[in-house]
Every structure is written in structure tokens, then in C-alpha cells.
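Below, each chain spelled out in residue letters.
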Amino acid sequence: MENLPSKEEMKEAFEKKDETGEGKLTFKEMKEIIELFSSEEKKNEPNFDQMCDMMCNMADVNGDKMIDFGEILLLLFGDSLEPENAMKGSFRAFDTNGDGYLDKK
């Protein structure tokens, strides 16, 4: 997302995707929001899906495989992320299969 949306734009996109009204998005729904704010050039890059997966894993601070709006704010705008949660988010970005271990790949 080279053109970072405002918090208001992100909230509006989040609320449109949150069709169940539970206040959380699946990784698939979050990827659709990332695509919405990405240029065609960026979306056509071969590693775009990997980048989306990494962003979703980093945003999912609590590890529930869902992303709430607070987690989006932390990732995109850096709103007071506690150091422990920042480390967890970073670890999840590299734990691509979600098994709690980092692979050598």
C-alpha cells in the first residue's frame, strides 16, 4: 500500500468488509482491503500475495487468525504497540505456516 489510506478511509473499508458485524476480518477480507489501496502495478508484482500474507500475520497480534480494527491501526499507523505484542506480530510474519516455529526456507 504505497498510498497509505487515512484512518477514516481504513475504517470505512473495514466496516464495509465486516459483513457479519463482529468487528473482525478474515485474512482473505483483509487482503481485499490491501488490494483496494494498492496500485495495479503493485498488485501485479509476483510477491504481492506473500506481502499480503506477511501484513496479515504482522497485524494479527493476538494470534486468532482474525484482524480487528485496533490491530490494523497498530500495523499501519503505529498507535502505541506494546513491545511484547510487536515481537509477536513480527514473529508471526515469518512463521508462515503458523506452527510456532521458524523454518529455514
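Remember, it's a predicted structure, so these values are computed and weren't measured experimentally.

**Quick notes on helix 2 (residues 27–36)**
Move 1: For helix 2, every residue scored as buried is listed here: F27, M30, I33 and I34. An end-on view of helix 2 places all buried positions within 115 degrees of arc, on one side of the element. Seen from the open side of helix 2, the exposed residues pointing more than 90 degrees away from its buried face are K28 and L36.
Move 2: Buried residues belonging to helix 2 abut helix 1 (7–17), strand 1 (24–26), helix 4 (48–59), strand 2 (66–68) and helix 5 (69–77).

**Quick notes on helix 5**
Move 1: When helix 5 is considered as a whole, its buried residues turn out to be F69, E71, I72, L73 and L76.
Move 2: Where helix 5 is buried, its residues meet helix 1, helix 2, helix 4 and strand 2.
Move 3: Two to three positions downstream of the cap, the backbone nitrogen of G70 sits 3.0 Å from a side-chain oxygen, assigning the N-cap of helix 5 to D68.

Parameters and conventions
- Residues numbered from 1 in each chain as written.
- Predicted model: local features only at pLDDT ≥ 70, side-chain atom pairs only at ≥ 80, totals over all residues.
- Heavy atoms only, no water.
- Buried < 20%, exposed > 50% of the residue type's maximum accessible area, 1.4 Å probe, protein only.
- Helix = DSSP H or I, 4+ residues; strand = E, 2+ residues; numbered from the N terminus.
- Arc of directions from axis to C-beta.
- Contact = heavy atoms within 4.5 Å.
- Polar contact = N/O pair within 3.5 Å; in protein donor to acceptor, adjacent residues only side chain to side chain.

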